[in-house]
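These are the residues of each chain, in order.
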Amino acid sequence: MTIGKWSIGRLEWVVVLPLVLLLAAATFNAGHFLAEYRRARGAVEQGQEILEAVADVRADLGDLETGQRGYLLTLDPTYLEPYEARRRRLPDELLRLQALVGGDPDQVRRAAALRAAAESKADELAETIAAVRLSGLEKALDIVRTGKGGAAMREFRAIADEIADTANMRLSRDRDRGAVAESRMLAAGAAAGFLSFLCIGLLGSHALRHFRAACASHGRERRSWEELRRSTELSRRMLNASADCVKLLDLDGRLISMNPGGCRLMEIDDLQPYVGADWFGFWTDGETRRLARQAFDEARAGRTGRFSGFCPTAKGTPRWWDVAISPVTEEDGTVCQLLSVSRDVTERMQAEQSQRESQGRLRAILETTPECVKLVGADGLLLQMNRVGLRIVEAESEDAVRNRPVLDLIAPEHRAQWLANHERVCRGEELSWEFDLLGLKGTRRHMETHAAPLVLGDGTRAQLAVTRDVTERRLLERQLKLARDKAEAAAQMKSRLLAATGHDLRQPLNVISMARDMLAPRTVDPTSSKYLAWIGEAVKQLARNLDDISDISRIESGALKPKVAPMRLDDVLDDVRGLFAPLAERKGISLRVLGCSAEVATDRDMLRRILENLISNAVKYTGSGGSVLVGVRRRGGALALQVLDTGAGIPADRLATAFDAYRRLDATTPGLGLGLSIVKQTADLLGHRVDARSVLGRGSCFTVELAADPAGSAARNAAPDTVMDAGRRLA
């Protein structure tokens, strides 16, 4: 049997077989591009997780720093609650970041360096908080001034920016790769669907014509049925091989049949109950049903209709579909049935939704950042800015500044510097600088910015900058400098006044002392002798006070300069033993000064002054029957010169301020409270460390740590590590 001038055998080989081969190739390509799209999507999700992890680590370290600063400024323990929470969470966030970048050796190296920098900064913050608790704010500020924490923070930011830039670059690359794979996948799928439809249409049409011709000729009936069976079997196989959901509908929209692949996609175990069902009933969403009706009408009119929509499976699984409805025609072109080909695009829709949510989270992070975040193109036009930035530039909306030259917002005297730095950033450098910004309403602000290069989707470089308003800080710095200058001038004036006052007061004191010495031999009345003794003690106390004031004045003015030279400790110990032995004997105190032949490099007079103040205090605050011990003990490679007493002791809450000026433990005890302050400041000038330990009601121990002179003799006579005196162990 022949159809026209073509036989059935030639038609099958010439037309159908190439179409089948093309269909197989299109299906293979669609599967390949689907796998490529899934790999790209996985890489995009990983990149987004890396960016989120970097942002979390930045936020945790920023919260740590904020809590530490709040505590240093206010000493309010409530600032430590978020600090401690972030401190516990930071290691987990760093481990999470390292796990996310595990497949990239460069990123793994950066993550390890980032972790080291973050832990160094966290340790510095913890050290300053501990210093505030143990030694006061000044000790914490000394730690901050070392710059270790600042260097660690700068390294952390640089590494974090490098990780984020690498992740962003790869994220952009993977998105492009995913988009290309998706477009190719859709093209291949569309080609497969079209070829499937074409094969089914051709084979069905030829089979139908063949059947009708065979029926008209009884002699050829058997051959016609055989050809029809073959065509139908081929069509069935092609439908079964299709990965799409293929439905055959009548002109009223009722389901006639569905391929096995479609049953699997729709999770239909038994198709029979659905045969004859209304096809529009599958689309539960009202808008999707409307689009389905429009596409159905297009197909009935002889054209291919398309739409996308949501349709759950028979078991309720939510899925999204791309649908093409094509007409099936008779020999005369009359539409007799409709062919619906639905492709499952749920994963693509979910990926797009995930991407939108990720972009929304990133936008939310940028909007909640307390600094101005802006993106500036290579041409200097402002591309994007968060809400904080809009408030700073006094813009009502982003449209007011988008695509506007940033130089319009820079103070004229800073424009050249800003433009030069912008060009360097766009060439790949990371820079930080300061400039003055002019708002749209004329408000002038001083800004500090950190800028890094960012590669846009078209391959061009842009500047991504985080800018902070430091106007108040700069004003505060100026005020602090002015206050410091005033304080230094006042201190200098005070020092000059104290020096002049001490000189002027010594003259009448000398006259009073000489008059008292002249009257003493001539006075025989006991009462008068007692008064003269009181006058003598008062003059000595005033002289000691003037000496203290003079020492403080010389130290603060910088007039006291150490003259460091090697010396034997015995020289100073012998002097103070002879000086204080009579005073201790009058008070009924046991004073023991242990000799030491070790040599140290120090200023002899200044060390003697330190020791005199410490022994004077020990004798002053130790009652009759008590003990004072002065000796030297070994402490590693150094020598510890110690003064121990069994006096009243110092309360624990006052021990930290014992070396402050004008601090007296007992208001009834004579003196200005400058002795320990002079000890501390003099020791600082000499480079000796001073500390104090005390037990209330049992006594105190003051230690001056000295470096042994390498050229001198060894400390053979230094006391043992534990000193026993008057039946008490003082350690």
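The model shown is predicted, which means the values in this text are computed figures rather than measured ones.

Undergrad: Sorry, what's going on with the overall build of the chain here?
TA: Secondary structure summary: the chain contains 17 helices and 21 strands in total. In the chain, which comprises 731 residues, the share counted as buried stands at 40%. On the chain, roughly 38800 Å² of surface is accessible, and the fraction owed to carbon and sulfur atoms is 55%.

Undergrad: Teacher, can you tell me more about the packing of aromatic side chains here?
TA: The geometry of an aromatic ring pair is captured by the separation of the ring centres together with the interplanar angle, meaning the angle of the planes. Under the criterion given, the structure shown has nine aromatic pairs. Judged by centre distance (5.9 Å) and plane angle (80 degrees), the ring pair of Trp 279 and Trp 283 falls under edge-to-face. When sorted by exposure, Trp 279 lands in the same class as Trp 283, which is buried. Counting every residue linked through ring pairs, the aromatic cluster contains Trp 279, Phe 280, Trp 283, Phe 296 and Phe 307. Above the ring of Phe 280, the side-chain terminus of Arg 293 is found at 3.8 Å from the ring centroid.

Undergrad: Sorry, what's going on with the sheet that holds strand E4 (residues 255-258) here?
TA: The five strands lie next to each other as E4-E3-E7-E6-E5, forming an open sheet whose pairing is antiparallel. Each edge of the sheet is formed by a strand with only one pairing partner; in this case those strands are E4 and strand E5 (305-310). Neighbour-to-neighbour, the strand axes of this sheet turn through a mean angle of 25 degrees, independent of strand direction. In this sheet, strand E6 (residues 320-329) lies alongside E5 in antiparallel orientation, the contact comprising six bridges.

Undergrad: Would you mind showing me how to read the confidence of the model for the chain here?
TA: Detail in the predicted coordinates should be disregarded across regions flagged by low pLDDT. Mean pLDDT over the chain: 78, with 76% of residues reaching 70 or higher. The model gives residues 1-8 a pLDDT under 50, and that stretch makes 15 contacts with residues more than four places away or in other chains. A low-confidence stretch, residues 713-731 (pLDDT under 50), is modelled with 44 contacts involving residues beyond four sequence positions or located in other chains.

Undergrad: Would you take a moment to explain unusual backbone geometry for this structure?
TA: Glycine aside, the phi torsion of most residues is negative, and most peptide linkages are trans. The backbone phi angle of Glu 267 is positive, close to 55 degrees, even though this residue is not glycine. Within the element layout of this structure, Glu 267 appears in the loop between helix H7 (260-265) and helix H8 (286-300). Within the chain, Glu 394 stands out as a residue other than glycine whose phi angle is a positive 65 degrees. Secondary-structure assignment places Glu 394 in the loop between helix H10 (387-392) and helix H11 (415-426).

Undergrad: Hey, could you run me through the nonpolar core in this one?
TA: Soluble globular proteins tend to pack their nonpolar side chains together in the buried interior. Within the largest apolar cluster, 39 residues are counted, with the highest numbers of intra-cluster contacts made by Leu 569, Leu 573 and Leu 611. Counting only elements with at least two residues in this core, the list comes to helix H14 (569-587), strand E14 (590-593), helix H15 (604-620), strand E16 (627-635), strand E17 (638-645), helix H17 (675-686), strand E18 (689-695) and strand E19 (699-707). Among the elements that take part in this core, H15 stands out by supplying eight residues, more than any other. Not counting chain neighbours up to four residues away, the residues in contact with Leu 569 comprise Cys 596, Ala 598, Val 600, Leu 607, Val 632, Leu 639 and Leu 706.

Undergrad: Which parts of the structure should I look at to understand the pairing of E4?
TA: Regular strands place their side chains on alternate faces of the sheet. As judged from the three bridges shared by strand E3 (residues 245-249) and E4, these two strands associate in the antiparallel manner. Within E4, the position partnered with Leu 248 by the bridge is Ser 257. Here E3 folds back onto E4 in antiparallel fashion, the turn holding five residues, of which Gly 253 has a positive phi close to 85 degrees.

Undergrad: What is the right way to look at the sheet that holds strand E11 (residues 444-455) in this model?
TA: Taken together, five strands build an open sheet; the order of strands is E9-E8-E12-E11-E10 and the sheet is antiparallel. Unpaired on one side and paired on the other, strand E9 (382-385) and strand E10 (431-438) mark the two borders of the sheet. Geometrically, the sheet is characterised by an average inter-axis angle of 30 degrees between neighbouring strands, direction not taken into account.

Undergrad: It is not clear to me how H11 should be interpreted in this structure. Could you clarify?
TA: An ideal rise of 1.5 Å per residue puts 16 Å on 12 residues; H11 measures up with 16 Å between its terminal C-alpha atoms. Those residues of H11 that fall on the buried side of the exposure criterion are Trp 418, Asn 421, His 422, Val 425 and Cys 426. Summarising the axial view, the buried residues of H11 lie within an arc of 135 degrees, below the 170-degree limit, and thus occupy one face. Trailing H11 by a residue or two, Gly 428 shows a phi angle of about 120 degrees, which is positive.

Undergrad: How should the pattern of salt bridges be read in this particular structure?
TA: A side chain of one charge can pair with a side chain of the opposite charge when the charged atoms of the two come close. This structure, assessed with the given rule, holds 43 salt bridges. Connected through salt bridges with shared partners, the residues Glu 371, Glu 434, Glu 448, Arg 468, Arg 473 and Glu 477 form a single ionic network.

Undergrad: Explain the packing of H15 against H17 to me, please; I cannot follow it from the model alone.
TA: A packed helix pair is summarised by two numbers, namely the angle formed by the two axes and the spacing between the axes. At a closest axis distance of 9 Å, the pairing of H15 and H17 adopts a crossing angle of 150 degrees. By the angle between their axes, H15 is roughly antiparallel relative to H17. In the crossing of H15 with H17, the sense of the turn from one axis to the other is left-handed. Note on element contacts: H17 touches H15 through Gly 675, Leu 676, Ile 678, Val 679, Thr 682, Ala 683, Leu 685 and Leu 686, opposite Met 606, Leu 607, Ile 610, Asn 613, Leu 614 and Asn 617. Looking at side-chain class alone, the contact of H15 with H17 contains 10 nonpolar, four polar and no charged residues.

Reading the values: the criteria
- Residues numbered from 1 in each chain as written.
- Predicted model: local features only at pLDDT ≥ 70, side-chain atom pairs only at ≥ 80, totals over all residues.
- Heavy atoms only, no water.
- Helix = DSSP H or I, 4+ residues; strand = E, 2+ residues; numbered from the N terminus.
- Buried < 20%, exposed > 50% of the residue type's maximum accessible area, 1.4 Å probe, protein only.
- Areas by Shrake-Rupley, 256 points an atom, 1.4 Å probe, with all protein chains shown as cover.
- Phe/Tyr/Trp six-rings, centres within 6.5 Å; stacked < 30°, edge-to-face > 60°.
- Lys NZ or Arg CZ within 6 Å of the ring centre and 35° of its normal.
- Pairing = 2+ DSSP bridges.
- Axes fitted to C-alpha atoms, helices over the stretch in contact; angles between N-to-C directions.
- pLDDT = per-residue confidence, 0-100.
- Contact = heavy atoms within 4.5 Å.
- Core = buried A, V, L, I, M, F, W, Y, C linked by side-chain atoms within 4.5 Å.
- Expected span 1.5 Å × (residues − 1).
- Arc of directions from axis to C-beta.
- Salt bridge = Lys/Arg side-chain N within 4 Å of Asp/Glu carboxyl O.
- Parallel < 35°, antiparallel > 145°, perpendicular 65-115°, else oblique.
- Left-handed = near helix turned anticlockwise from the far one by under 90°.
- Nonpolar A, V, L, I, M, F, W, Y, C, P; charged D, E, K, R; others polar.

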